[in-house]
Amino acid sequence: MAAAAPEAADEVAPSATLSVYKAARCIKRRASTLYNALRSVAEDAAFVAEVAALWPSLPLVANLRCGLWYAPPRAFAATCYFKSTDGHAGNWSFSTARLNLHLALLAGERGGCIIVDSTRRGKRFPDSMSKTIPIWCSVLNRAIERHRLQAIHKSAEVNYQSSTLLNGDAENNSDLSNWDSSVHLPVWVLGTEKNAIEGRIDEWTDQFESCGADIHSLAVGLQKPLRPLWISQRTRIWLNEVPELESWDFTPIILISASDAVATQRMSSEFSWHYIPGAGDDEESWARGLTPTLFWKHSYDLIDAGPDRCNQIVADIVEKDRVYRAQRGEHCPQITCKSLRSLAGAKCNDDQTTEMCAMNLDHCTSTMDAHCSNNGLLLFWIGTSNLAVSSTFHVAGALVGVDCILNCDSTSKLPASSSENSYLELSIVDDRFSLMRNLPKAVDFAKRNLMAGRKILVCCQNGEDISICVALAILALLFDDNGCFDYGNYFVKRDVTKLEMRRRLVFICKFAVNARPSRGNLKQVYGFLSSQKELLSCLT
């Protein structure tokens, strides 16, 4: 018996020394429960509502996707898409694929706007607010300044004829010396980083001007330059000294970081819970199929349920929503379940239910969020091109004025028309070659119907990525530089360049404000256009 004791100790000792990291991970997982996340979102949303009430005339805008969690869908006037990666140190960028020009026009119309976002990284503001949006403001301001200077010089050359002046901009031109196009960054950004960003503003402005954006509309719509302001839960605002919008000599872009930077244990009258900073971020890892729309529809029930019942209620809500959409013809496979286990292999005591896991959570989340990102619009017509884009979630209510459908969703089966010329279904999945393989069929289908004068709806799962890329290929191959259908004559005469593709994408984004094409899919479109150009050159 005495000899067995050291042997048993040897078996336990390695496990004890190796389990420190696992124990820390298990503690973190116990704190990051679904109830804690939803309770944190609800508390941060109350703070957002308080700040928004200070300027009730300013529209509330969610920065996708995290910002959608911090207010009911009806509270948002629009959405925007600014990535934190464009503001990371040494990786600063101005994205012509995410111009967010609708946001600038909305701010000009309403006198400013309020953008909501948050971050999990233990800091007060995400990089999207600290640097990406300030860069965006400065580039747009500088482009408008250049545009107005060009208008002044042009009007001087023709003896100040009124027809060459910007409509309603005579007063603005006289005050152009007061137009602030400098970079306004928060105080916590280092001076060296600020200098590096300022040195690239002119370069980014050149890129913005060359991409074909409608700068004239911005110059007419913005009477004051854009300027960011930052508000977090640590910001002190004296309620009796809140400035009026008219008193500012700029158009405010108020950036609300919804979350506190510190995780804490908190108490309520019924439950103890752990506050999670930026709980709305990375929803696939914790939301279990719940979306912002579903959360705010059932928020009181979820918060009142407490930690023990929250998971089961969420599972019931997600399943009922799945059945509701499946009965209406949408492809909604049932989500599989498995037991939630700790990293050590044992079942966690704080979760008696099952964990919703990875069969098709992306589909459920993106489909429901498409309703939020479209801001109530069922489809987007791209100028006068007879092309429209939409998500398959909205197709049933968006067929007014549509003659034929190009369905690019591999998961949703729409009712096929009796005529093969009015409906084409392509199973395009998210991989490196699927889009490129299917683009020839999509372009041929579009060409046949456009020649017949029919209006085409291009739809995909969320209406933001694949459908946008398919429409981009159609526009680049079959339309001229002015957006007029010319059977592909313009494509034959011009070289395929990334700049030309960027201009066409900007043209689409002017109308489809929710467009978010992925870089990989854009590369496939460019590869397809290049191959078509090579084929034409071989034939000639």
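Scroll up to find the structure.
These numbers were taken from a predicted model, which means no experiment stands behind them. (Residues numbered from 1 in each chain as written. Predicted model: local features only at pLDDT ≥ 70, side-chain atom pairs only at ≥ 80, totals over all residues. Heavy atoms only, no water.)

A. Inspection of the sheet that holds strand β12 (residues 404-409) at higher detail. Strand order across the open sheet formed by 5 strands is β10-β11-β14-β12-β13, with mixed pairing between neighbours. Across the chains shown, the open sheet's two edge strands, defined by having one partner strand only, are β10 (380-381) and β13 (423-428). In the sheet, β12 pairs with strand β14 (residues 456-460) via 4 bridges, with the strands oriented parallel. Along β14, the bridge assignment pairs C404 with I456. Running at roughly 170 degrees to β13, helix α12 (residues 434-451) makes contact with β12, β13 and β14 of the sheet. Lying on the sheet, helix α13 (residues 466-478) is in contact with β11 (387-391), β12, β13 and β14; it crosses β11 at an angle near 165 degrees. (Pairing = 2+ DSSP bridges. Helix = DSSP H or I, 4+ residues; strand = E, 2+ residues; numbered from the N terminus. Contact = heavy atoms within 4.5 Å. Axes fitted to C-alpha atoms, helices over the stretch in contact; angles between N-to-C directions.)

B. Structural context of the environment of S138. If you trace the backbone, S138 turns up in helix α4 (residues 127-157). Along the chain, S138 and R227 lie 89 residues apart, while their C-alpha atoms are 7.9 Å from each other. Those residues in contact with S138, other than ones at most four positions away along the chain, are S181, S182, V183 and I201. A polar contact is formed between the side chain of S138 and the backbone oxygen of S181, at a distance of 3.1 Å. (Polar contact = N/O pair within 3.5 Å; in protein donor to acceptor, adjacent residues only side chain to side chain.)

C. The pattern of salt bridges, seen in detail. Using the criterion set out here, one finds 18 salt bridges in the structure. The salt bridge involving R266 is made with E43; its shortest N-O contact spans 1.9 Å. With R266 in strand β6 (residues 265-267) and E43 in helix α2 (residues 34-54), this residue pair connects regions lying 223 residues apart in the sequence. Taking relative accessible area as the criterion, R266 reaches 18% and is therefore assigned buried. With a relative accessible area of 32%, E43 lands in the partly exposed category. A salt bridge links R146 to D206; the nearest nitrogen and oxygen atoms lie 2.6 Å apart. Remark: D206 occurs in helix α7 (residues 201-210) and R146 occurs in helix α4; sequence separation between them is 60 residues. Classification of R146 by relative accessible area gives partly exposed; the value is 22%. (Salt bridge = Lys/Arg side-chain N within 4 Å of Asp/Glu carboxyl O. Buried < 20%, exposed > 50% of the residue type's maximum accessible area, 1.4 Å probe, protein only.)

D. Quick look at the side chain of D127. Along the chain, D127 falls in helix α4. Note on D127: relative accessible area 13%, which makes it buried. What D127 contacts, discounting residues up to four positions off in sequence, is S84, G87, H88 and T132.

E. View of the sheet that holds strand β4 (residues 226-231). The parallel open sheet is built from 5 strands, whose spatial order is β2-β1-β3-β5-β4. Strands at the two margins of the open sheet, each flanked by one partner only, are β2 (76-80) and β4. Averaged over all pairs of adjacent strands, the angle between their axes in this sheet comes to 30 degrees, without regard to strand direction. α2 rests against β1 (60-63), β3 (113-117), β4 and β5 (251-257) of the sheet, and its axis sits at about 160 degrees to β5. The sheet contacts of helix α3 (residues 101-110) involve β1, β2, β3, β4 and β5, and relative to β2 the element is tilted by about 145 degrees.

F. Expanded view of the packing of α2 against helix α10 (residues 299-326). Two numbers describe how α2 lies on α10: the axes approach to 8 Å, and their chain directions differ by 135 degrees. With respect to each other, α2 and α10 are oriented oblique. By crossing handedness, the relation of α2 to α10 is classed as right-handed. Here L34, Y35, L38, R39 and A42 of α2 lie close against α10, whose contacting residues are L302, I303, G306, P307, C310, N311 and V314. Residues that form the contact of α2 with α10 fall into these classes: 9 nonpolar, 2 polar and 1 charged. (Parallel < 35°, antiparallel > 145°, perpendicular 65-115°, else oblique. Left-handed = near helix turned anticlockwise from the far one by under 90°. Nonpolar A, V, L, I, M, F, W, Y, C, P; charged D, E, K, R; others polar.)

G. Representation of the packing of aromatic side chains within the structure. Considering all chains together, one arrives at 13 aromatic pairs under this definition. Aromatic side chains F94 and F208 sit 5.7 Å apart centroid to centroid with 75 degrees between the ring planes, which places their arrangement in the edge-to-face category. A residue pair is termed long-range when its members are at least 10 positions apart, and F94 in the loop between β2 and α3 and F208 in helix α7 qualify at 114 residues. F208 shares its class with F94; the two are buried. For the ring pair W188 and W230, a centre distance of 6.3 Å and an interplane angle of 75 degrees mean the geometry is edge-to-face. Of this pair, W188 sits in the loop between α5 (170-174) and α6 (191-198) while W230 sits in strand β4, placing them 42 residues apart in sequence. By the ring-pair criterion, three or more aromatic residues cluster together here, those being W69, W286, F295 and W296. Sitting over the face of the ring of W179, R148 holds its NZ or CZ atom 4.6 Å from the ring centroid. Over the ring of Y81 we find R516; its NZ or CZ atom is 4.8 Å from the centre of that ring. (Phe/Tyr/Trp six-rings, centres within 6.5 Å; stacked < 30°, edge-to-face > 60°. Lys NZ or Arg CZ within 6 Å of the ring centre and 35° of its normal.)

H. Broad picture of unusual backbone geometry. Residue R65 is reached from L64 by a cis peptide bond, and omega for that bond is -5 degrees. On the secondary structure map, R65 appears in the loop between β1 and β2. If you check the backbone angles, D282 has positive phi at about 55 degrees while not being a glycine. Checked against the element boundaries, D282 lands in the loop between β7 (272-274) and α9 (292-297).

I. Main features of the nonpolar core. Grouped together as the largest cluster of nonpolar side chains are 46 residues, with contacts concentrated most on L38, W69 and L290. When contributions to this core are tallied by element, the ones reaching two or more residues are α2, β1, β3, β5, α9 and α10. In terms of residue count, α2 provides more of this core than any other element does, 9 residues in total. Once residues within four sequence positions are removed from consideration, L290 is found in contact with L38, W69, F295, L302, V314, I317 and V318. (Core = buried A, V, L, I, M, F, W, Y, C linked by side-chain atoms within 4.5 Å.)

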